[in-house]
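# What the coordinates show
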Amino acid sequence: MGIKVAKFGGSSVADAIQIKKLKDIVEGDGDIKYVIVSAPGKRFKDDSKVTDLLYLCKTHIEHKIPYEQIFQVIYDRYTSMEADLGVDVGIAGDLEEIRKEIENGASVDYIASRGEYLNAKIIAAFLGFAFVDAKDIVRFSDKGKFLEDVTNDSINRVLSGVDKAVIPGFYGEKLDGSIKTFSRGGSDITGAIIARAVDAEVYENWTDVSGFLMADPRIVDDPKPINSISYMELRELSYMGASVLHEDAIYPAKVADIPINIRNTNKPEDAGTMITAQPQVDPDQIVSGIAGKKGFTVIGVYKSHLASEKGFIRKLAGIMEDNDITIEHLPTGIDTMSVVLDNKMINGKLDEIVEEMQSQLKPDTLEVVEDISLIATVGAGMAARKGTSATLFTALAGAGVNVCMIDQGSSEMNIIVGVEEKDFETAIKAIYNAFVE
Ligand code: ASP
């Protein structure tokens, strides 16, 4: 077995109870060599995340409002965690040091990063692992750009002499020596970067759910978990609104062909979702997931002999480019072409765009349908299976949903339908029931 890298998110390291679960998981698997941790997250629904409190300290200081009470909450959280876990890493001293830095005008990135820093120190001691500071391995340019190759080299150099370590997520160091954080949720990125550098066999991402679900649980009751999904399928789902890992967190693992396993710290017996480079097609489950988004407009153009007109798409694309709009989809027929646009991109310019289309494209008719939602049914196994679209459209017709746009990517891994927003939820339920239940 190769090396495993395990990242534990905020709720998995929120207090001593959770950190004990982490220890059981790590001790139960000798292949886990490097553990990346977030700052303590919420312990219960209305609790605060330490990172949010740290940002709050900084905003208070900027507005010259006393921040001490907020800092005290952070102070108490760490000192009681240290006591509850029975370790002594001198966390009170570290907190005093941080307080001084804050008073001396420390940067927002430095302040925000301390959540992970302190947590990693305590957890390293509790596991008996080395503590490796992220500032010594994750590098950014002076302008704040993440330096992939420099980081890879320093991870290899520093970790080659360390058998097992806990590393704080979320931040690194600029070449000028100052601290720089990734975007929010950035510990996922740190985990993936480290997994890549040490060429891990798997990157485990421990959280509070047993992987991704096949559909949004706010729409479908108790959707099934996705056991296995490829990076490409996941990208399609996340593009269509499914909340999955941040693109930057997937990239390093993807380029190195390292599978990512989403696991549940509270239910370690669940296998979770495995994200792999190659799709693992399950003949009994050809659809991997269903996701959708509201807020689109479809402009349908009809022009006789459109199919034989040269430069039509170029002109259409030019109009969109001039208006700084990206085209979401462009389904075409013999004499018809529809352009699907995101309402956020149109940004109040619909009349102008339609006018330009009228004058430049000279269509016979042009029809605008607003308030359209798009739904993607994704599955690498769909391409090889006859009758997939028949199942999909029969389900939608049976549910009384009118389909106003159809697009299928050339990979045949994804069928996208446009339906009126009022039919969005009904359509997702119908598709789910047809393919999954
Ligand atoms: N603690 C940081 C945040 O709350 C980073 C992370 O947890 O991944 O955004």
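Here's a quick rundown of the structure. (Residues numbered from 1 in each chain as written. Predicted model: local features only at pLDDT ≥ 70, side-chain atom pairs only at ≥ 80, totals over all residues. Heavy atoms only, no water.)

Let us now look at the overall build of the chain. Summing up its helical and strand segments, the chain has 14 helices and 16 strands in all. Burial analysis of the chain (437 residues in total) assigns 51% to the buried set. In the chain, the proportion of contacts linking residues at least 24 apart, taken out of those at least 6 apart, comes to 74%. Measuring between centres, the 46 positive side-chain charges of the chain sit 2 Å from its 69 negative side-chain charges. (Helix = DSSP H or I, 4+ residues; strand = E, 2+ residues; numbered from the N terminus. Buried < 20%, exposed > 50% of the residue type's maximum accessible area, 1.4 Å probe, protein only. Contact = heavy atoms within 4.5 Å. Lys, Arg positive; Asp, Glu negative; His and termini not counted. Charge placed at Lys NZ, Arg CZ, Asp CG, Glu CD.)

Now for the environment of Y117. Summarising the element assignment, Y117 is placed in helix α5 (residues 108–127). When sequence neighbours within four positions are dropped, the list of residues in contact with Y117 reads D94, F131, D133, P168 and Y171.

Our next topic: the pairing of strand β6 (residues 171–174). With two bridges joining them, strand β4 (residues 139–140) and β6 adopt parallel strand pairing. Paired with F140 across the strands is K174, a residue of β6. Pairing between β6 and strand β7 (residues 179–181): three bridges, direction antiparallel. Bridge pairing links E173 to I179 in β7. The turn joining β6 and β7, which pair antiparallel and follow one another in sequence, is formed by four residues; a positive phi near 95 degrees is taken by G177. (Pairing = 2+ DSSP bridges.)

What follows deals with the site of the ligand. Neighbouring the ligand are S38, T51, E116, F170, R184, G185, G186 and S187. In the environment of the ligand, an oxygen atom lies 3.0 Å from a nitrogen or oxygen atom belonging to the backbone of S187. Protein chains shield 90% of the accessible area of the ligand, which is 260 Å² for the free molecule. (Near = heavy atom within 4 Å. Polar contact = N/O pair within 3.5 Å; in protein donor to acceptor, adjacent residues only side chain to side chain. Areas by Shrake-Rupley, 256 points an atom, 1.4 Å probe, with all protein chains shown as cover.)

With phi around 60 degrees, D324 is a residue other than glycine that occupies positive phi space. Even without a glycine there, the phi angle at K362 is positive, about 45 degrees. In this structure, K362 sits in the loop between α12 (350–361) and β14 (365–378). Exposure remark for K362: the relative accessible area of 56% places this residue in the exposed category.

Quick look at the sheet that holds β14 now. With respect to topology, five strands assemble into an open sheet ordered β13-β12-β14-β16-β15, the strand pairing being antiparallel. Lying at the two open borders of the sheet, with one neighbouring strand each, are β13 (336–342) and β15 (403–408). The mean angle between the axes of side-by-side strands here comes to 35 degrees, regardless of whether they run parallel or antiparallel. (Axes fitted to C-alpha atoms, helices over the stretch in contact; angles between N-to-C directions.)

Attention now goes to the nonpolar core. Y78, I167 and I194 are the most contacted members of the largest nonpolar core, which totals 115 residues. Of the residues forming this core, the biggest block, 10 residues, is contributed by α5. Apart from residues lying up to four places away in sequence, Y78 is in contact with A39, P40, V50, I91, L95, R114, G115, L118, N119 and I122. If you look at the next biggest cluster of nonpolar residues, it comprises 18 residues, including L306, M320, M357 and L361. (Core = buried A, V, L, I, M, F, W, Y, C linked by side-chain atoms within 4.5 Å.)

Now for the packing of aromatic side chains. Applying the stated criterion across every chain, the model contains six aromatic pairs. Considering the side-chain rings of F140 and F146, the 6.0 Å spacing of their centres and the 65 degrees angle between planes classify their relative orientation as edge-to-face. Ring pairs connect the aromatic residues F140, F146 and F182, which therefore count as one cluster. Positioned above the aromatic ring of F126 is the side chain of K23, whose terminal nitrogen or guanidinium carbon lies 4.3 Å from the ring centre. A cation over a ring is seen here: K293 above Y239, with NZ or CZ 5.2 Å from the ring centre. (Phe/Tyr/Trp six-rings, centres within 6.5 Å; stacked < 30°, edge-to-face > 60°. Lys NZ or Arg CZ within 6 Å of the ring centre and 35° of its normal.)

The next point concerns the sheet that holds β7. An order of β4-β6-β7 is seen for the three strands of this open sheet, with the pairing classed as mixed. Edge positions in the sheet fall to β4 and β7, since each of these pairs with one other strand and no more. Taken strand by strand, α5 contacts β6 and β7, and its axis lies near 75 degrees from that of β7.

In this fold, T297 is placed in strand β12 (residues 289–302). A polar side-chain atom of T297 sits 2.6 Å from a polar atom in the side chain of N343. Residues contacting T297, with those up to four places away along its chain left out, are V339, V340, L341, N343, I346, L350, V368, V369 and E370.

Relative orientation of the contacting elements helix α4 (residues 91–103) and α5 amounts to 170 degrees, with a least axis distance of 11 Å. It follows from the interaxial angle that α4 and α5 lie roughly antiparallel. On α5, the residues touching I91, D94, L95, I98, E101 and I102 of α4 are Y110, I111, R114, Y117, L118, K121 and I122. Counted by class, the contact of α4 with α5 contains nine nonpolar, no polar and four charged residues. (Parallel < 35°, antiparallel > 145°, perpendicular 65-115°, else oblique. Nonpolar A, V, L, I, M, F, W, Y, C, P; charged D, E, K, R; others polar.)

Once that is clear, we can look at helix α8 (residues 231–239). Along α8, the positions that sit buried rather than exposed are Y231, E233, L234 and L237. Each buried residue of α8 sits inside an arc of 160 degrees when the element is viewed along its axis, so together they form one side. Buried-residue contacts for α8 involve β9 (228–230), α9 (247–255), β10 (260–264), β11 (273–276), β12 and β14. Just past α8, the residue G241 takes up positive phi, approximately 105 degrees. (Arc of directions from axis to C-beta.)

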